[in-house]
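If you want the building blocks of each chain, they are given just below.
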Amino acid sequence: MYKDKVVIVVVTIIVFSAIIFGSLMAYYTYKAPMRVDNIDDMIYVINGSSEDDNNFILERYAVLKQLSISCKMRDDKTGEVRKFSKEEMNEFNERIGGKEAVLNYLRSIEDKEERRKMIQYARENLKIITDDEMAEFCQ
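Residues numbered from 1 in each chain as written. Predicted model: local features only at pLDDT ≥ 70, side-chain atom pairs only at ≥ 80, totals over all residues. Heavy atoms only, no water.

Q: Quick question: what am I supposed to make of the sheet that holds strand 1 (residues 34–36) here?
A: By definition, the strands of a sheet pair up through backbone hydrogen bonds, in either a parallel or an antiparallel sense. Spatially, three strands are ordered 1-2-3 in an open sheet, and the strand pairing comes out mixed. This sheet does not close on itself; its edge strands, each paired only once, are strand 1 and strand 3 (81–83). Strand after strand, the sheet turns through a mean of 25° between neighbouring axes, direction not considered. The sheet contact formed by strand 2 (residues 72–75) and strand 3 spans three bridges and is antiparallel. (Pairing = 2+ DSSP bridges. Helix = DSSP H or I, 4+ residues; strand = E, 2+ residues; numbered from the N terminus. Axes fitted to C-alpha atoms, helices over the stretch in contact; angles between N-to-C directions.)

Q: So what exactly am I meant to see when it comes to the pattern of salt bridges here?
A: Pairing of side chains with opposite charge becomes possible as their charged atoms draw close. Within the structure shown, the criterion is met by eight salt bridges. Note that Arg-35 and Asp-76 form a salt bridge whose closest N and O atoms lie 3.2 Å from each other. One end of the pair, Arg-35, is in strand 1; the other, Asp-76, is in the loop between strand 2 and strand 3, and 41 residues separate them in sequence. Taking relative accessible area as the criterion, Arg-35 reaches 61% and is therefore assigned exposed. Here Asp-76 falls in the partly exposed class, since its relative accessible area comes to 37%. Salt bridges sharing common partners tie together Glu-100, Arg-107 and Glu-136. (Salt bridge = Lys/Arg side-chain N within 4 Å of Asp/Glu carboxyl O. Buried < 20%, exposed > 50% of the residue type's maximum accessible area, 1.4 Å probe, protein only.)

Q: Looking at this model, I keep getting lost on unusual backbone geometry. Mind explaining?
A: Across the chain, the bulk of peptide bonds are trans and the bulk of non-glycine residues have phi less than zero. Of note in the backbone geometry, Cys-71 takes a positive phi value of approximately 60° without being a glycine. For Cys-71, the location among the structural elements is in the loop between helix 3 (57–70) and strand 2. Of note in this structure, Lys-127 is not a glycine but carries a positive phi near 55°. Structurally, Lys-127 is set in the loop between helix 6 (112–125) and helix 7 (131–138).

Q: I would appreciate a short explanation of the domain arrangement of the protein chain in the present structure.
A: Where the parts come together, the accessible area they lose is often given as the size of the interface. When the domains of the protein chain are assigned, the result is domain 1 (1–30) and domain 2 (34–138). For domain 1 and domain 2, the distance between their C-alpha centroids amounts to 39 Å. (Domains from an automatic or database assignment.)

Q: Any chance you could explain the nonpolar core here in plain terms?
A: Generally speaking, a soluble globular protein has its nonpolar side chains buried in company with each other. In this structure, Leu-58, Leu-67, Met-73, Phe-92, Leu-106 and Ile-128 are the most contacted members of the largest nonpolar core, which totals 30 residues. Elements with a minimum of two residues in this core: strand 1, helix 2 (39–47), helix 3, helix 4 (86–96), helix 5 (98–108) and helix 6. Residue contributions to this core peak at seven residues, all from helix 3. (Core = buried A, V, L, I, M, F, W, Y, C linked by side-chain atoms within 4.5 Å.)

Q: Please clarify how the packing of aromatic side chains should be interpreted in this entry.
A: By convention here, two paired aromatic rings are described through the distance between centres and the angle between planes. Under the defined criterion, the tally for this structure stands at two aromatic pairs. Aromatic pair Tyr-27 and Tyr-28: ring centres 5.6 Å apart, planes at 65°, arrangement edge-to-face. Under the relative-accessibility criterion, Tyr-27 is labelled partly exposed at 46%. Ring geometry for Phe-84 and Phe-92: centres 5.7 Å apart, planes at 65°, overall edge-to-face. (Phe/Tyr/Trp six-rings, centres within 6.5 Å; stacked < 30°, edge-to-face > 60°.)

Here is the structure:
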């Protein structure tokens, strides 16, 4: 009888330890710096300085959204980690125009089939619009 209780306690401790360890690892992975090939090039992409920035606004906003999780970038080549302040993140967001600019871009697409594809791409691949926003476009 005593051995059964010990086995139950040991198994319970192992299970709870695994759950806690897994939760901590998931959190640290989620908050890890965004990995890029070149930090300066990625900042240039986020800032967007070309004539056809609206064509890439979805991707730029998706990168900014991913960066906003940890506010850090890690250069894979050099190992350099750069932390961005909240002011810098807000500046990036203002240059893109925020989520409202993304929604306006999607609304401005004339071809219905192209709009549907872009909305689906933004929702399923980039995960930058919600189900409610997608339903608003489908009306």
